[in-house]
Amino acid sequence: MISKIEGGVCAPKGFRANGVHCGIRKNKIKKDLALIVADTPCAVACAYTTNLVKGAPILVTKEHVANGCAQAVIVNSGNANTCNADGVEIANAMCALVEKHTGIPAKDVVIASTGVIGQPLSVEPVAGGMTGLCAGLGYSAENSSAAAEAIMTTDTVKKETAYSFKIGGVECRIGAICKGVGMICPNMATLLMFVTTDVAISSEMLQKAVSSEVKDSMNMLSVDRDTSTNDTFCVMASGFAGNKEITGDCVAFRTFKKALHTVTVELCRMLARDGEGATKLIECKVTGASSKKNARIAAKSVVNSTLLKAAMFGADANWGRALCALGYSGAEFDPNEVDVVFRSEKGVLPVCKCGQGIPFSEDFAKIVLSESEINIDVTLGSGRYQATAWGCDLTYDYVKINGDYRT
């Protein structure tokens, strides 16, 4: 059984966190520097953006976690530290500051940055904020929230969660913070997600879990069709829960994977709901696919569709846009077997049966699609596989936000 708890990244045993304003952002009321610290070295696993253009923090982090070990995560918002001549130097300097103020070796620090690309980043604000950042480190839920706030860019709400579950009768915990409401698609874009757990698990099995999880959660998320340069998904495991270390594929490993999936799906839904300018969360569930790959491709194509997203904003039951998106997705299916249903808290609206439109009330459709969460159920009638993708509507405010993002 997996139970929701408080505490975010500080819920698992052995983790402290904090977030402060150090001066990277001009707005002094916005926090812009976060730190997560483990009491001892942890098993670590990461996944990153698939963009060929990668932020300097990713290059440094890859080097630091190559041995499967890390003890701290430092993150700044307001500047991506990407496409800068001295980017790697700045990233290394930030890790060195963590070592100076905490004693944790710089080589055991994960670093991430988010914000404007191509903007020079000075290490001076970070250096000036480290004393207060480290002095405020704590194990409380408030500390996790401070860190969650500090990694936000155009996010309008903080995103964090935590759960407890048992492995072999031993209580274990997992918690996370994340950010990302734009430049999301096709894979893990402008998405920073940091997960902590007190489960005892080898770095090899932790990486296996992370690499698998990305396919069914972060890579099934869409806000727009731009892939960021800085995406980082990092999981640290302290082992403080005291369970027998997970070193292979077993019941305990599958239990951990389920807990990790619960966390990532909840956060992905938060990310989609808070998409830049968004007013609605869209969830597309595809069933009856001939393969898992086809199910993923089909579901992602529907939430990716600019026309479908615009229709959802206008509460317009233009189901043909869903069929169109399925048709160009590349998924294999028979168009004459497709069923489509729109759902919300206001009711269920079947709109397509066996690839053909069916009569429905436009007035009722407006009621169903005017809710803040819309479900699109697609049945392909080709097999037994299924997948779910999350997205949001496309509004006027998306253009406003990105029209002057840099300035």
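Refer to the structure presented above.
Every value quoted in this text rests on a predicted model; they were computed, and no experiment measured them.

A. Region of interest: unusual backbone geometry. With a phi angle near 65°, Cys83 is a residue other than glycine that sits in the positive phi range. What makes Cys83 exposed here is its relative accessible area of 57%. Residue Ala315 is not a glycine yet carries a positive backbone phi of 55°.

B. Just the environment of Val60, in detail. Here Val60 lies in helix 1 (residues 56–64). The sequence separation of Val60 and Ala91 amounts to 31 residues, and the corresponding C-alpha distance is 6.9 Å. The contact partners of Val60, leaving out residues within four places of it in the chain, are Val88, Ala91, Asn92, Cys95 and Ile111.

C. Region of the structure containing the nonpolar core. Grouped together as the largest cluster of nonpolar side chains are 76 residues, with contacts concentrated most on Phe233, Phe256, Phe342 and Ile376. Looking at this core, the element that brings in the most residues is helix 6 (residues 251–273), giving 11 residues. Grouped together as the second largest cluster of nonpolar side chains are 27 residues, Ala34, Ile58, Ala70 and Phe194 included.

D. Just the packing of aromatic side chains, in detail. Under the defined criterion, the tally for this structure stands at one aromatic pair. A centroid spacing of 5.3 Å and a plane angle of 90° characterise the contact between Phe313 and Tyr396, whose relative ring orientation is edge-to-face. With Phe313 in helix 8 (residues 306–313) and Tyr396 in helix 11 (residues 396–403), this residue pair connects regions lying 83 residues apart in the sequence. On the accessibility criterion, Phe313 (28% relative accessible area) is partly exposed.

E. Main features of the sheet that holds strand 13 (residues 356–357). A sheet is described by the order of its strands in space; here six strands give the open sequence 13-12-11-14-10-15, paired in mixed fashion. Of all the strands in the sheet, just strand 13 and strand 15 (385–392) have a single pairing partner and so form its edges. Of the strands in this sheet, strand 11 (339–344), strand 12 (347–353) and strand 14 (373–379) are in contact with helix 10 (residues 362–369), which crosses strand 12 at around 120°.

F. Region of the structure containing the side chain of Asp393. Tracing the backbone through its elements, the reader meets Asp393 in the loop between strand 15 and helix 11. Buried within the structure, Asp393 lacks any salt-bridge partner; its nearest side chain of opposite charge belongs to Lys280, at an N-O separation of 5.3 Å. Reaching out from Asp393, the side chain makes a polar contact with the side chain of Thr279 at a distance of 2.3 Å. Engagement of the side chain of Asp393 in a polar contact is seen with the backbone nitrogen of Lys280, the distance being 3.1 Å.

G. Structural context of the state of the cysteines. Going through the model one piece at a time under the given rule, you end up with zero disulfides. Unpaired in this structure, Cys352 has its nearest cysteine sulfur neighbour in Cys354, at a distance of 8.1 Å. Of the residues examined, Cys352 reaches a relative accessible area of 3% and is grouped as buried.

H. Region of the structure containing helix 10. Every buried residue belonging to helix 10 is among Ala365, Val368 and Leu369, and all of these are buried. In an axial view of helix 10, the angular spread of the buried residues amounts to 85°, which keeps them on one side of the axis. Check the buried side of helix 10 and you find it contacts helix 8, strand 11, strand 12 and strand 14. For helix 10, the N-terminal cap is Ser361; the gap from its side-chain oxygen to the backbone nitrogen of Asp363 is 3.3 Å.

I. The arrangement of the pattern of salt bridges in detail. All told, the structure shown has 16 salt bridges when counted by the stated rule. A salt bridge links Glu283 to Arg269; the nearest nitrogen and oxygen atoms lie 2.6 Å apart. Of this pair, Glu283 sits in strand 10 (residues 281–289) while Arg269 sits in helix 6; the two residues are 14 residues apart in sequence, bridging distant segments of the chain. By relative accessible area, Glu283 is classed as buried at 16%. Because the salt bridges share partners, they merge into one network encompassing Arg269, Arg273, Glu283 and Glu373.

J. Focus on the packing of helix 7 (residues 292–304) against helix 9 (residues 320–328). At a closest axis distance of 8 Å, the pairing of helix 7 and helix 9 adopts a crossing angle of 135°. Considering the angle they form, helix 7 stands oblique to helix 9. The handedness of the crossing between helix 7 and helix 9 is right-handed. Counting all contacts with helix 7, which are made through Ala298, Ser301 and Val302, the residues of helix 9 involved are Ala322, Ala325, Leu326 and Tyr328.

K. View of the packing of helix 2 (residues 87–102) against helix 3 (residues 124–135). Running from N to C, helix 2 and helix 3 point in directions that differ by 35°, and their axes come no closer than 10 Å. When the axes of helix 2 and helix 3 are compared, the crossing they make is right-handed. Across from Met94, Leu97, Val98, His101 and Thr102 in helix 2, the residues of helix 3 making contact are Val126, Ala127, Met130, Thr131 and Cys134. Here the contact of helix 2 with helix 3 is built from residues that sort into seven nonpolar, three polar and no charged.

Definitions and cut-offs
Residues numbered from 1 in each chain as written. Predicted model: local features only at pLDDT ≥ 70, side-chain atom pairs only at ≥ 80, totals over all residues. Heavy atoms only, no water. Buried < 20%, exposed > 50% of the residue type's maximum accessible area, 1.4 Å probe, protein only. Helix = DSSP H or I, 4+ residues; strand = E, 2+ residues; numbered from the N terminus. Contact = heavy atoms within 4.5 Å. Core = buried A, V, L, I, M, F, W, Y, C linked by side-chain atoms within 4.5 Å. Phe/Tyr/Trp six-rings, centres within 6.5 Å; stacked < 30°, edge-to-face > 60°. Pairing = 2+ DSSP bridges. Axes fitted to C-alpha atoms, helices over the stretch in contact; angles between N-to-C directions. Lys, Arg positive; Asp, Glu negative; His and termini not counted. Salt bridge = Lys/Arg side-chain N within 4 Å of Asp/Glu carboxyl O. Polar contact = N/O pair within 3.5 Å; in protein donor to acceptor, adjacent residues only side chain to side chain. Disulfide = S-S within 2.5 Å. Arc of directions from axis to C-beta. Parallel < 35°, antiparallel > 145°, perpendicular 65-115°, else oblique. Left-handed = near helix turned anticlockwise from the far one by under 90°. Nonpolar A, V, L, I, M, F, W, Y, C, P; charged D, E, K, R; others polar.

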